[in-house]
Amino acid sequence: MAGDIDQDALAAEWGMALEEQGSAGGDATEGWDTVGEDGVAHAHSGKGGAERILNQEEIDNLLGFSIEDLALTDNGGIRAIIDSAMVAYERLPMLDIVFDRLVRLLTTSLRNFTSDNVEVSLDRIHAVRFADYLNSIPLPAILSIFKAEEWDNFGIATVDSSLIYSIIDVLLGGRRGVTAIRVEGRPYTTIEMGLVKRMIEVILADAEAAFRPISPVNFKIDRLETNPRFAAISRPNNAAILVRFRIDMEERGGSIEMLLPYATLEPIRDRLMQTFVGEKLGRDPVWEGHLATEIFQARTQVEAVLYESELPLRRLMNLKVGDTLMLDMKPDALVKVRCGEEMLTEGRMGRVGDKVAVRIQKPLRRGRTTLTQFEQISSAGQEA
């Protein structure tokens, strides 16, 4: 009982002290925890009181994500720091130009494909982990696994359910301005899969045209899947580039995502790191052309070698006037035409007037031409 009395006396003493502070410039209830209607204890900040406890909304803003929304969306706060540490994104400037061109091509191609007013926009380009992307795909969806034949690797094109039903409704004669009816809980029919596959072929054809200035490539559909587990084309922890497009068709539409693992883009990585098409990374085309021109105009010495033989030094030193050297060759043997140590061609020795001549019998061995020479030869051939 003595302990209880001491606790009561201590609580009363604290209460009097807080009342004095409240009367001096604050509310007597500041610093005390109160229980709200949601059952969560809240603390009021004040002199002598504890700091205020953050609510769930403030915690979500601080972390950059909430428990209800863990999809691949724009993240901020601590979540952005975590994501940046998880995926080391290598900046590839040329990819932005390629996909901007793809948006322009898709706008025209999908208008011709659907005979409807189609607007295509680029949502975002970012790096993700392959496993994280597969886990974030909202089902139902159709995943198209395609192969980049020249790069010898695969990619994924994912069409969400909104775009699937919208494109089916448009292609089968649905009325404009009416939202497509979704039928949930059943697999896609063969007709629906065929129509979506035709749309993906149109998109991949435009993707080939968009990549053509960088590197010629042929995207070929390998298979269609509705379960992300069967779309494993890379290791779970491998990084990939995810591009999301938004397709709108008069109050109908959806999004399509294109995933390209870094392993797929590795063959053209150097070209994607350029800041513009045609960058030569420090090469001076003016100096290269000038050097090629001066080399073409330079004079060089050409030798016609009839016969060569190796003799011992002792025999060479014992040669006298009148000695005969036997040439181990036939009268119709070819003469070697050389420039320094390099053999250019072969020919037959003859006579033109009062001069000895060599008739070329074999084509000249072409050397390594410079890039400027090759471009000049190609342009001259096209003009001819």
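Residues numbered from 1 in each chain as written. Predicted model: local features only at pLDDT ≥ 70, side-chain atom pairs only at ≥ 80, totals over all residues. Heavy atoms only, no water.

All right, on to the overall build of the protein then. Along its length, the protein carries twelve helices and twelve strands. Counting across all 384 residues of the protein, residues that qualify as buried make up 31%. Pairs at least 24 apart in sequence give 62% of the contacts found in the protein among residues at least 6 apart. Carbon and sulfur atoms form 54% of the exposed surface of the protein, whose accessible area is close to 25600 Å². (Helix = DSSP H or I, 4+ residues; strand = E, 2+ residues; numbered from the N terminus. Buried < 20%, exposed > 50% of the residue type's maximum accessible area, 1.4 Å probe, protein only. Contact = heavy atoms within 4.5 Å. Areas by Shrake-Rupley, 256 points an atom, 1.4 Å probe, with all protein chains shown as cover.)

Take the pairing of strand β10 (residues 335–339) next. As paired elements, strand β9 (residues 303–305) and β10 share three bridges and run antiparallel to each other. Looking at the pairing, A304 lines up with V337 of β10. Bridging between β10 and strand β11 (residues 342–352) involves five bridges; their strand directions are antiparallel. Its bridge partner lying in β11, V335 is registered against G347. Hairpin geometry of β10 and β11 is characterised by an intervening segment of two residues between the two adjacent antiparallel strands and by a positive phi of about 70 degrees at G340. (Pairing = 2+ DSSP bridges.)

Glancing now at the confidence of the model for the protein. On average, residues of the protein score 76 in pLDDT, and 68% of them are at 70 or above. This model gives residues 25–49 a pLDDT under 50, and the stretch forms 32 contacts once residues within four places in sequence are excluded. Below pLDDT 50 for its whole length, residues 85–89 participates in ten contacts with residues either more than four positions away or in separate chains. (pLDDT = per-residue confidence, 0-100.)

The next subject is the packing of helix α4 (residues 93–114) against helix α7 (residues 190–211). Running from N to C, α4 and α7 point in directions that differ by 140 degrees, and their axes come no closer than 8 Å. In terms of axis orientation, α4 runs oblique to α7. Crossing of α4 against α7: the hand is right-handed. Contact residues: α4 offers L95, V98, F99, R101, L102, L105, L106, S109, L110 and F113, while α7 offers L195, R198, M199, V202, I203, D206, A207, A209, A210 and F211. In the contact of α4 with α7, the residues fall into 16 nonpolar, one polar and three charged. (Axes fitted to C-alpha atoms, helices over the stretch in contact; angles between N-to-C directions. Parallel < 35°, antiparallel > 145°, perpendicular 65-115°, else oblique. Left-handed = near helix turned anticlockwise from the far one by under 90°. Nonpolar A, V, L, I, M, F, W, Y, C, P; charged D, E, K, R; others polar.)

As for its placement among the helices and strands, D206 is situated in helix α7. For the buried D206, which has no salt bridge, the nearest side chain bearing the opposite charge is R212, at an N-O separation of 8.5 Å. Setting aside chain neighbours within four positions, we find D206 in contact with L102, L105, L106 and S109. (Lys, Arg positive; Asp, Glu negative; His and termini not counted. Salt bridge = Lys/Arg side-chain N within 4 Å of Asp/Glu carboxyl O.)

Now for the nonpolar core. The biggest cluster of nonpolar side chains holds 53 residues, and the ones touching the most others in it are F99, F211, F219 and L265. Not counting chain neighbours up to four residues away, the residues in contact with F99 comprise L122, I125, F211, V243, F245, M258 and L260. Y133, A141, A231 and L259 belong to the second largest nonpolar core, which has 14 residues in total. (Core = buried A, V, L, I, M, F, W, Y, C linked by side-chain atoms within 4.5 Å.)

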